[in-house]
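Spelled out from the first residue to the last, the chains are:
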Amino acid sequence: MPPHYVLIDFENVQANDLALLEGQPHEVVLFMGAQQTKVSLAVAAALQARGPLGRYVQIGGNGRIALDFHIAYELGVLTTKDPDACFHVISKDTGFDPLIEQLRSKQLDVRRSESLAALVTPTEEQLAAVITRLIGMGEARPTRAKTLANTINAMFGKELEEAAIQGLMDALARRHGITVKNGKVTYPASKG
């Protein structure tokens with residue numbers, strides 16, 4: 001498994017669910033604005049528990065997108081240092097998207113998510129069960145993201161948290177070629 005770097009825009013996403021990444025070997029960098037002088041005990045404890053895989057970056061200056069420039073710089077440094085890694089920008093700011101598209105055009109694995117929940121890794125057994133179910137559905141497979149999420153949730157007795165459902169959907173996209181765009185789901189053409 002390639003290394004994962006998670007760059008969190010703490011001005012934009014409070015990352016109170018940082019504990020979701022417990023047990024994941026991701027390097028987490030929390031970017032804080034110059035005026036952000038406090039984090040919750042839960043965030044601090046979760047980041048510190050990561051040891052050398054967790055750090056804070058507090059920028060020194062102010063400006064409308066000053067923090068974004070710091071994240072973009074760090075992303076550039078990391079993609080140069082470790083081009084085979086996976087990079088996750090956690091921010092609701094869509095201003096990162098053109099940069100991410102440019103990096104993806106260079107064959108780098110970079111994506112933006114609005115929450116840490118998208119990074120939750122499902123178990124292999126869960127993923128295999130979902131794939132088996134979708135194959136069994138044939139042409140009746142869900143064509144909308146919401147329906148796919150509901151199908152996955154129903155498979156596990158409606159006991160999965162939203163983060164786990166999103167993690168399964170992300171894994172379907174990364175590893176099995178399923179695409180979710182504008183709320184619509186498309187599946188790869190069957191082989192043979």
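So, here's what we can say about the structure. Computed from a predicted structure; not experimentally measured.

### Here we look at the layout of surface pockets
Stage number 1. In this structure, the largest pocket occupies an estimated 1300 Å³ of space.
Stage number 2. Around the largest pocket sit 33 residues that line it, and R111, R112, Q166, D170 and V180 are the ones nearest its centre.
Stage number 3. Where the lining of the largest pocket is concerned, the elements lending two or more residues are helix 3 (97–105), strand 5 (109–113), helix 5 (145–155), helix 6 (162–176) and strand 6 (179–181).
Stage number 4. Broken down by element, the lining of the largest pocket gets its largest block of residues, eight residues, from helix 6.
Stage number 5. Its residues assigned to classes, the lining of the largest pocket shows 13 nonpolar, nine polar and eleven charged.

### Comments concerning helix 2 (residues 66–81)
Note: α-helices contain 3.6 residues per turn, so residues at a spacing of three or four share the same orientation.
Stage number 1. In this model helix 2 runs 23 Å from its N-terminal to its C-terminal C-alpha over 16 residues, within 8% of the 22 Å that 1.5 Å per residue would give.
Stage number 2. Buried within helix 2 are the following residues: A66, L67, D68, I71, E74, L75, L78 and T79.
Stage number 3. On its buried face, helix 2 is in contact with strand 1 (4–9), strand 2 (27–32), strand 3 (54–58), strand 4 (86–90), helix 3 and strand 5.

### As for the environment of G95
Stage number 1. Looking at where G95 falls in the secondary structure, it is placed in the loop between strand 4 and helix 3.
Stage number 2. Residue classification places G95 among the exposed residues on the basis of a relative accessible area of 53%.
Stage number 3. Along the chain, G95 and L67 lie 28 residues apart, while their C-alpha atoms are 12 Å from each other.

Rules used in this analysis
Residues numbered from 1 in each chain as written. Predicted model: local features only at pLDDT ≥ 70, side-chain atom pairs only at ≥ 80, totals over all residues. Heavy atoms only, no water. 1 Å grid on protein atoms, 1.4 Å probe; cavity = no way out; pocket = protein on both sides within 12 Å on 5 of 7 lines; lining within 4 Å. Points joined across faces, edges and corners; volume = space filled by probe spheres on them. Helix = DSSP H or I, 4+ residues; strand = E, 2+ residues; numbered from the N terminus. Nonpolar A, V, L, I, M, F, W, Y, C, P; charged D, E, K, R; others polar. Expected span 1.5 Å × (residues − 1). Buried < 20%, exposed > 50% of the residue type's maximum accessible area, 1.4 Å probe, protein only. Contact = heavy atoms within 4.5 Å.

Scope: geometric values only; no functional claims are made or implied.
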